[in-house]
Amino acid sequence: MWRAVRFIIIAAVLLVLAWWIGGLPGNVTAVSGPYRIETSVPAALLILFVVALLLTALLRVLGGIRRAPGGVVAWRGGRRQRLGEMATQRGLVALAAGDVAAARAEAGRARKCLGDTPLVLLLTAETARLAGLHDQAQEAFRRLAQDKDMGFLGHRGLLRHSLAVQDHEAAGDHVLAAERAYPGSAWLQEQKKELAVRRQDWPVALGLTRDPAEIAAFAVAAARASLTPQHALAYAKKAVKAAPGLAPAVVAYASALRQAGKPRAAKKALLAGWKVAPHKLIAASYLEPLATSLERAQAASELAAARPGHPESELILGETALAARLTGEARRHAEAALAAQGDDGRAADILARLDGKPAQAGSESAWVCEACHTRCADWAPVCPHCQRPGTLAWRARQPDAAPA
Ligand SMILES: [Zn+2]
């Protein structure tokens, strides 16, 4: 409403002005040298108006040019920012693709354009790590760790490095710092577990896993390292519960029960373990307290009765019979083990010794890492080659490796 009124008022004023100018009497004469311009007053006023308009436009253009240098700087700054961001993105992609050379080139470009922003530091650090330039990576991770928002990534890089170089003390510090920077991270739980394993701090490692194979491995190790029979018993019980077929767990449980003065319970535990998965470690533990070879042969038949016909049952019967000079029994069980195709060289050894030949090479079965397939003579909570916990499993000899 007000705008309409204002428009009408302005239009009326302009109309009156134009009418007044149009009615002005007289002439305007301009003389310059030989030129002489003569015009009416209204025309002269119109010319004056047009000249003023042109002058204003000219001044505006000049002002724009004067302000231009600041504009160029701002435009160039924005371009640098964009180039830096693009280099960072390309660098991260190259990093993910494992292209070290490209990642390094982009990291350098990003650093030139953006300086040491947290993202550029991360790219620089990860690229240096991939290239094997550990000092450079460490330096970038250290600076990244000081960032309020991305500090976790810095501590993460430092922790990974200290674990790799087995600096457990520094790793412990970085775990705490990373925990402060990002509480409750699942990745950190894994790292804490790895650190506990490296430190052989089995009770702590046990508290950081839910995987039954890892629980059994850590619990056996904790039971073996326990200073009191009560602790050993509690850990061994946990190990057997997590992996009833793991012979070292069964044996650890039986040893703990014996130490706690419960030999009958120990025997029961070994028989239960044999029922699940017969193993020579269980047999050795079962026969250990017995003094004479006849007692041992008798005990072997108790054990074998828990899993009749199993090659391990036949082998332990054959071996104890041989030791007790029950040659007929020994031959019968060794041949039964061979017939069951579960022999790993021990049945052949029994038969060779019965025939007065030299002893055969020992057992060809072994503890084999399920992750890296390394073969080990003794069980360990962590694979000695790939350092993964709970991966060693008992594997019988490969059928194709049988001697002709
Ligand atoms: Zn391994």
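Owing to the predicted nature of the structure, the values given are computational and were not obtained by experimental measurement. (Residues numbered from 1 in each chain as written. Predicted model: local features only at pLDDT ≥ 70, side-chain atom pairs only at ≥ 80, totals over all residues.)

**Some details on the overall build of the chain**
Within the chain one finds 18 helices and five strands. The C-alpha radius of gyration computed for the chain amounts to 45 Å, which surpasses the reference 22 Å derived for 404 residues by more than 25%, pointing to a less compact arrangement than a globule. When its C-alpha atoms are laid out on the principal axes, the chain stretches across 150 × 50 × 40 Å. Residue burial in the chain is summarised as follows: out of 404 residues, 34% are buried. For the chain, restricting intrachain contacts to residue pairs at least 6 apart in sequence, the fraction spanning at least 24 positions comes to 39%. (Helix = DSSP H or I, 4+ residues; strand = E, 2+ residues; numbered from the N terminus. Rg over C-alpha atoms; globule rule 2.2 N^0.38 Å. Buried ≥ 20, exposed ≤ 12 C-beta atoms within 10 Å, placed from the backbone. Contact = placed C-beta atoms within 7 Å.)

**Topic: the nonpolar core**
In terms of nonpolar packing, the biggest core is built from 87 residues, with A219, A236, A239, A249, V250 and Y253 touching the most fellow members. When neighbours within four sequence positions are excluded, A236 is seen to be in contact with A219, A223, A249, A252, Y253 and A256. (Core = buried A, V, L, I, M, F, W, Y, C linked by C-beta atoms within 7 Å.)

**Brief notes about helix α10 (residues 212-225)**
With 14 residues, α10 extends 20 Å between its outermost C-alpha atoms, agreeing within 8% with the 20 Å of an ideal straight helix rising 1.5 Å per residue. Across the 14 residues of α10, ten count as buried, placing the element largely inside the fold. Regarding α10, the residues found buried are E214, I215, A216, A217, F218, A219, V220, A221, A222 and A223. Buried positions along α10 lie against α9 (202-206), α11 (229-242) and α12 (247-259). (Expected span 1.5 Å × (residues − 1).)

**Considerations on the packing of helix α7 (residues 168-181) against helix α8 (residues 186-198)**
One way to put it is that α7 packs onto α8 with a least axis distance of 11 Å and a crossing angle of 160°. Taken together, α7 and α8 sit at an angle that is classed as roughly antiparallel. The handedness of the crossing between α7 and α8 is left-handed. Every residue of α8 that contacts α7 at H168, A171, G172, V175, A178 and E179 is listed here: L188, Q191, K192, L195 and R198. Classifying every residue of the contact of α7 with α8 by side-chain character gives five nonpolar, three polar and three charged. (Axes fitted to C-alpha atoms, helices over the stretch in contact; angles between N-to-C directions. Parallel < 35°, antiparallel > 145°, perpendicular 65-115°, else oblique. Left-handed = near helix turned anticlockwise from the far one by under 90°. Nonpolar A, V, L, I, M, F, W, Y, C, P; charged D, E, K, R; others polar.)

**Description of the environment of A232**
Secondary-structure assignment places A232 in helix α11. Considered as a pair, A232 and A277 are 45 residues apart in the sequence and their alpha carbons are 22 Å apart. Beyond its immediate chain neighbours, meaning those up to four positions away, A232 contacts A223, S226, A256 and Q259.

**With respect to α7**
The first and last C-alpha atoms of α7 sit 20 Å apart over 14 residues, in line with the 20 Å expected at 1.5 Å per residue. Taken as a whole, α7 has its buried residues at A171, H174, V175, A178 and A181. Here the buried residues of α7 occupy an arc of 125° about the axis, which is enough to place them on one side. Every exposed residue of α7 that faces more than 90 degrees away from the buried side is listed here: E169, L176 and R180. Next to the buried residues of α7 lie α6 (151-164) and α8. (Arc of directions from axis to C-beta.)

**Looking at unusual backbone geometry**
If you check the backbone angles, Q200 has positive phi at about 55° while not being a glycine. Mapped onto the secondary structure, Q200 falls in the loop between α8 and α9.

**Overview of the sheet that holds strand β4 (residues 375-376)**
With antiparallel pairing, the three strands of this open sheet are ordered in space as β4-β3-β5. This sheet does not close on itself; its edge strands, each paired only once, are β4 and β5 (392-395). (Pairing = 2+ DSSP bridges.)

Any functional reading would require information that these geometric values do not contain.
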